[in-house]
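What follows is the residue order along each chain.
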Amino acid sequence: MGICSPLGNAGEGVLDRCYRCIPCLADPARRSALGLKVALVALHLVYAGILFLFDGDLIEKTKHEPWYTSLYLSLFVDTLVQYFVTSGSSPGYVLDAMRDINETNVTFGKTSASSKQPASSKNGSLVITIDSGQSGRNSPGSNATYWTKRVLDTYPPGTSVRTVTCSYCNVEQPARAKHCHDCDRCVLQFDHHCVWLGTCIGWGNHCKFWWYICEETALCLWTGILYITYLKTSIARAWWKDAIMILLLIALAICLIFLLLLLLFHSYLVLSNQTTYELVRRRRIPYLRRIPERVYPFSKGICRNLYNFCCVPNSTYSLELLPTALELEEKSRPYTCSHLLSCRCC
């Protein structure tokens, strides 16, 4: 007991010093995210390192055709860079958007009340009837912030809507936003919380996430081709090397299948302007419950969806408007030959 106690105190002292030097290690969640990042980088290095260590033919090819290996290493480095860029990017937090919009419009004057209830609530949800005769989309009460006005402005006029004040963040959530319990923040256009990245995927970084899984898929495919090429030319040289390469190739094939499915799934979401959360929990989301399954309420056509996803900068916060009844009726109409010729889907 007398020996264990000093050792235990010494160990705790070392941990305390580590936590003071590297504050992120003191938080279990951040420590876990850091461990996953280190594991992912190590996994990439192991696959590439074993390939160059075992495959002498690849080294010889590099001497005669350096451009081939240079392209592979460029994709390798770019994939890791894209991973850390996506991991460190903001998904678009509601609190940040609210602060930015309210500060930008700090001189916004109070307008006359047009709602039956105050637009903000401390205890959860409230029901607001939006005046259909109002100019513009709507104009809420005078005691509301500009953020609340922007949130209510996303709803069609002439409808009674239920807005929810997040019980954790105490802010009005616009449509497509959700509170993430892992990040403990509300996220605009919440898609999902990615464990490997250690952050949420949402409005601010969905495009970066798509490019990351695209590059990761290409890297896995290229690495798999190099592994298969090695096994075809060196299958009988050293059995233990072949066993290691085959085991790594099986694990790589599983990862590649998962990445391909993930890339196709998110490409479908991008083309239809949906999120994973909206697709999976469609019947539980108030603004999607009464909309038919094959109707995409936020889709603006494939071309416009792609443009907004890839080309619109994320420096300005934007809230998507919920479609009116006429717009939903138009979107629910089946496609005909004339619609295809007029590029209605685009």
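Because the structure is predicted, anything quoted here is derived from the model rather than measured.

## Quick word on the packing of aromatic side chains
Here comes step 1: Across all of its chains, the model carries twelve aromatic pairs by this definition.
Here comes step 2: A ring pair is formed by F190 and Y277, whose centres lie 5.9 Å apart and whose planes are at 75 degrees; its orientation type is edge-to-face. Residue F190 is found in the loop between β4 (185–187) and β5 (192–194), and its partner Y277 is found in helix α9 (residues 276–280); the two are separated by 87 residues along the sequence.
Here comes step 3: By relative accessible area, F190 is classed as buried at 7%.
Here comes step 4: A connected cluster of aromatic rings, assembled from ring pairs, spans F52, W67, Y68, Y72 and W222.
Here comes step 5: Positioned above the aromatic ring of Y277 is the side chain of K178, whose terminal nitrogen or guanidinium carbon lies 5.5 Å from the ring centre.
Here comes step 6: Against the face of Y93 rests R185, its NZ or CZ located 4.4 Å from the ring centre.

## Overview of the layout of surface pockets
Here comes step 1: Empty space within the second largest pocket amounts to approximately 600 Å³.
Here comes step 2: Surrounding the second largest pocket, 25 residues form its lining, L40, W196, Y212, E216 and L259 being those nearest its centre.
Here comes step 3: Of all the secondary structure elements, the ones that give two or more residues to the lining of the second largest pocket are α2 (28–54), α4 (66–88), β5, α7 (206–234) and α8 (239–272).
Here comes step 4: No other element matches α7, which puts seven residues into the lining of the second largest pocket.

## Digging into the confidence of the model for the chain
Here comes step 1: Looking at the chain as a whole, the pLDDT averages 79, with 74% of positions reaching at least 70.
Here comes step 2: Every residue in residues 107–143 is under pLDDT 50, and counting partners more than four places away or in other chains gives 87 contacts.

## Description of the nonpolar core
Here comes step 1: By size, the foremost hydrophobic cluster in this structure holds 38 residues, and its most contacted members are L51, Y72, F209, L226, Y227 and M245.
Here comes step 2: Those elements that provide at least two residues to this core are α2, α4, α7 and α8.
Here comes step 3: Broken down by element, this core gets its largest block of residues, twelve residues, from α7.
Here comes step 4: Membership of the second largest hydrophobic core comes to 16 residues, among which are V94, W147, L188 and L319.

## Some words on empty space enclosed by the protein
Here comes step 1: Summed over all chains, the structure comprises three cavities of 30 Å³ or more.
Here comes step 2: Computed from the structure, the largest cavity encloses a volume of approximately 60 Å³.
Here comes step 3: What lines the largest cavity is simply P174, A175, R176, L188, Q189, W203, S318, L319 and E320.
Here comes step 4: Of the residues that constitute the lining of the largest cavity, the class distribution is five nonpolar, two polar and two charged.

## So, α4
Here comes step 1: For α4, with 23 residues, the first-to-last C-alpha span of 33 Å sits near the 33 Å given by 1.5 Å per residue.
Here comes step 2: Those residues of α4 not exposed but buried are Y68, T69, Y72, L75, F76, T79, L80, Q82, Y83, T86 and S87.

## Focus on unusual backbone geometry
Here comes step 1: Positive phi, close to 80 degrees, is recorded for R176, a residue that is not glycine.
Here comes step 2: In this fold, R176 is placed in the loop between β2 (160–164) and β3 (178–180).
Here comes step 3: Residues other than glycine seldom take positive phi values, yet N273 does so here, at roughly 55 degrees.
Here comes step 4: Note on placement: N273 falls in the loop between α8 and α9.

## Considerations on the packing of α7 against α8
Here comes step 1: Their axes nearest at 8 Å, the elements α7 and α8 cross at an angle of 150 degrees. Relative to α8, the element α7 is oriented roughly antiparallel. Between α7 and α8 lies a crossing whose hand is left-handed.
Here comes step 2: Grouping the constituent residues of the contact of α7 with α8 by class yields 21 nonpolar, seven polar and three charged.

## Regarding the side chain of T217
Here comes step 1: Relative to the assigned elements, T217 resides in helix α7.
Here comes step 2: Accessibility expressed as a relative area gives 5% for T217, which makes it buried.
Here comes step 3: Ignoring sequence-local partners within four residues, the contact set of T217 consists of L256, L259, L260 and L263.

## Some remarks on the packing of helix α3 (residues 56–64) against α4
Here comes step 1: One way to put it is that α3 packs onto α4 with a least axis distance of 5 Å and a crossing angle of 110 degrees. Here α3 lies roughly perpendicular to α4, going by the angle between them. Facing L58, K61, T62, K63 and H64 of α3, the residues of α4 in contact are P66, Y68 and T69.
Here comes step 2: Its residues assigned to classes, the contact of α3 with α4 comprises three nonpolar, three polar and two charged.

Scoring rules and cut-offs
Residues numbered from 1 in each chain as written. Predicted model: local features only at pLDDT ≥ 70, side-chain atom pairs only at ≥ 80, totals over all residues. Heavy atoms only, no water. Phe/Tyr/Trp six-rings, centres within 6.5 Å; stacked < 30°, edge-to-face > 60°. Helix = DSSP H or I, 4+ residues; strand = E, 2+ residues; numbered from the N terminus. Buried < 20%, exposed > 50% of the residue type's maximum accessible area, 1.4 Å probe, protein only. Lys NZ or Arg CZ within 6 Å of the ring centre and 35° of its normal. 1 Å grid on protein atoms, 1.4 Å probe; cavity = no way out; pocket = protein on both sides within 12 Å on 5 of 7 lines; lining within 4 Å. Points joined across faces, edges and corners; volume = space filled by probe spheres on them. pLDDT = per-residue confidence, 0-100. Contact = heavy atoms within 4.5 Å. Core = buried A, V, L, I, M, F, W, Y, C linked by side-chain atoms within 4.5 Å. Nonpolar A, V, L, I, M, F, W, Y, C, P; charged D, E, K, R; others polar. Expected span 1.5 Å × (residues − 1). Axes fitted to C-alpha atoms, helices over the stretch in contact; angles between N-to-C directions. Parallel < 35°, antiparallel > 145°, perpendicular 65-115°, else oblique. Left-handed = near helix turned anticlockwise from the far one by under 90°.

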